[in-house]
Amino acid sequence: MISPLLYESHCHTPLCKHAVGEPDEYAAVALARGFKGITFTCHCPLPDGFSASVRMAPEEYDDYVAMIAATREAFAGRLDVRLGLESDFYPGVEPWLEKLHARAPLSHVLGSIHYQVADYRKLYYTGDFLSYQKIYFEHLALSAESGLFDTLAHPDLIKNESPLEWDFEKIRPQLARTLDRIAATGVAMELNTSGVQKSLPEMNPSPSQLVMMRERGIPVVIGADAHVPERVGDGYPTALRLLQAAGYTEVSFFLDRKRQAISILDALSQLESEPSDGLHLASPSLMV
Ligand SMILES: [Zn+2]
Ligand SMILES: [Zn+2]
């Protein structure tokens, strides 16, 4: 066992109205599981009531910043607690996010396309799965090109829209062009371990997509996307091995919005054991 190196880079707070547990409880799990730090990335406020039922309200943002600062204080010297954000991307939201991201110093900003939220679907759902997938991957490329994000979260989430119809080979040509555009921006992509709980039960993205990302040199950040404290760090050893299988030798995380890379072998040796499967809680696939 070497000294802690890894960060949990994606987790939530009750402010988003669909996560439970106080930030101190999430931090305690990160500490117990041998992490060096944890970055909170709760769902950002959005303008005009967009998707308001699953995120903090604009007037709660200062409370969020204060809440994470208090946890940072409480764990000083034991665990490095960081303020981050999971921001939704859709065309037109960029000026709002630019202002929001400048309000407080953020350590890690995730960009997410939540195809399943009603307000997004209203704007972009086209009536069939294949064209909805194409819009999703076009928005994924645009989100990288916006320059607003460090890491693109769960970057094949769309497969949960219709697991039986998901056909990787059908989308591969567009995905290749999407990943070319993302690679050109230098933005990282996430390997999100919560995918195993969704309607298509595998991490996001798939092993096939991870290989295409590695071929293009796209860095990967692991995140458990915990909405309950018990899921902090969940699945990291499996995720690290998936990265190895795709040909990666390094895993990344962000501190003060600068990418840090460590060897996967070192990361694996810091994590003593896979968190017990008994900790998995069922979560509806419509959750964001
Ligand atoms: Zn999340
Ligand atoms: Zn969520």
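Structure: above.
For clarity, every value in this text was computed on a predicted model and none was experimentally measured.

Here's the deal with the nonpolar core
Logical step 1: If you look at the biggest cluster of nonpolar residues, it comprises 87 residues, and the most contacted ones within it are Leu6, Ile38, Tyr64, Tyr120, Leu240, Leu243 and Val251.
Logical step 2: Contacts of Leu240, omitting those with residues within four sequence positions, involve Leu6, Ile222, Val251, Ile264, Ala267, Leu268 and Leu271.

A word on the coordination of the zinc ion (ligand 1)
Logical step 1: On the protein side, the zinc ion (ligand 1) has His10 (NE2), His12 (NE2), Glu86 (OE) and Asp225 (OD) as donor atoms, found 1.9 to 2.2 Å from it.
Logical step 2: In this structure, the zinc ion (ligand 1) is surrounded by 4 donor atoms whose angles at the metal cover 83 to 174 degrees, and the resulting shape is irregular.
Logical step 3: Ordering the donors of the zinc ion (ligand 1) by residue number gives the pattern H-x1-H-x73-E-x138-D.
Logical step 4: A spacing of 4.6 Å is found between the zinc ion (ligand 1) and the zinc ion (ligand 2).

A word on the packing of helix H5 (residues 129–145) against helix H6 (residues 168–185)
When two helices pack together, their arrangement is captured by the angle between the axes and the distance separating the axes.
Logical step 1: Contact geometry for H5 and H6: axes closest at 8 Å, N-to-C directions at 10 degrees. Relative to H6, H5 is oriented roughly parallel. For the pair H5 and H6, the contacting residues are Leu130, Gln133, Lys134, Phe137, Glu138, Leu140, Ala141, Leu142, Ala144 and Glu145 in the first and Lys170, Ile171, Gln174, Leu175, Thr178, Arg181, Ile182 and Thr185 in the second.
Logical step 2: A per-class count over the contact of H5 with H6 returns 9 nonpolar, 4 polar and 5 charged.

Quick word on the side chain of His12
Logical step 1: Position of His12 relative to the elements: it lies in the loop between strand S1 (7–8) and helix H1 (23–32).
Logical step 2: Within polar-contact distance, the side chain of His12 engages the side chain of Glu86 at 3.1 Å.

Let's talk about the pattern of salt bridges
Logical step 1: Counted by the stated rule, this structure contains 16 salt bridges.
Logical step 2: Linking Glu145 and Arg181 is a salt bridge whose minimum nitrogen-to-oxygen distance equals 2.8 Å. Separated by 36 residues along the polypeptide, Glu145 in helix H5 and Arg181 in helix H6 bring together distant segments of the chain.
Logical step 3: The class for Arg181 is partly exposed, based on a relative accessible area of 27%.
Logical step 4: A salt bridge links Glu202 to Lys159, with the shortest nitrogen-to-oxygen separation between them at 2.6 Å.

Scoring rules and cut-offs
Per-chain numbering applies: the sequence of each chain, read as written, is numbered from 1 onward. Labels are handed out in written order, letters beginning with A for the chains and numbers beginning with 1 for the ligands. Under the rules for a predicted model, residues below a pLDDT of 70 receive no local features and side-chain atom pairs below 80 are neither given nor counted, while totals for whole chains, interfaces and linings still include all residues. By convention in this description, side-chain values take in all heavy atoms of the structure and omit both hydrogens and water. Residues grouped as a nonpolar core are buried Ala, Val, Leu, Ile, Met, Phe, Trp, Tyr and Cys residues, joined through side-chain atoms within 4.5 Å. The cut-offs for exposure are 20% and 50% of the maximum accessible area for each residue type, with area from a 1.4 Å probe on protein chains only; residues under the lower value are buried, those over the upper are exposed, and the others partly exposed. Here a residue-residue contact requires only that any non-hydrogen atoms of the pair lie within 4.5 Å. Metal donors were taken as nitrogen, oxygen and sulfur atoms no farther than 2.8 Å from the ion, or 3.2 Å where the ion is Na, K or Ca. Water is excluded, so coordination may look unfinished. In these descriptions, tetrahedral denotes four donors with every angle between 85 and 135 degrees, square planar four donors and octahedral six donors with opposite donors over 155 degrees apart and the rest between 65 and 115, and irregular any other case. To define axes, lines are fitted to C-alpha atoms, for helices over the stretch in contact only, and angles between the resulting N-to-C directions are given on a 0 to 180 degree scale. Numbering of helices and strands runs from the N terminus, with a helix taken as a DSSP run of H or I at least four residues long and a strand as a DSSP run of E at least two residues long. Oblique is the label for any angle not covered by the other classes, which are roughly parallel (under 35 degrees), roughly antiparallel (over 145) and roughly perpendicular (65 to 115). Three categories are distinguished: nonpolar for Ala, Val, Leu, Ile, Met, Phe, Trp, Tyr, Cys and Pro, charged for Asp, Glu, Lys and Arg, and polar for the others, with Gly belonging to the last. In protein, a polar contact requires one atom able to donate a hydrogen and another able to accept it; more generally it is a pair of N or O atoms within 3.5 Å, and residues adjacent in sequence count only if both atoms are side-chain atoms. Any Lys or Arg side-chain nitrogen found within 4 Å of a carboxyl oxygen on Asp or Glu counts as a salt bridge.

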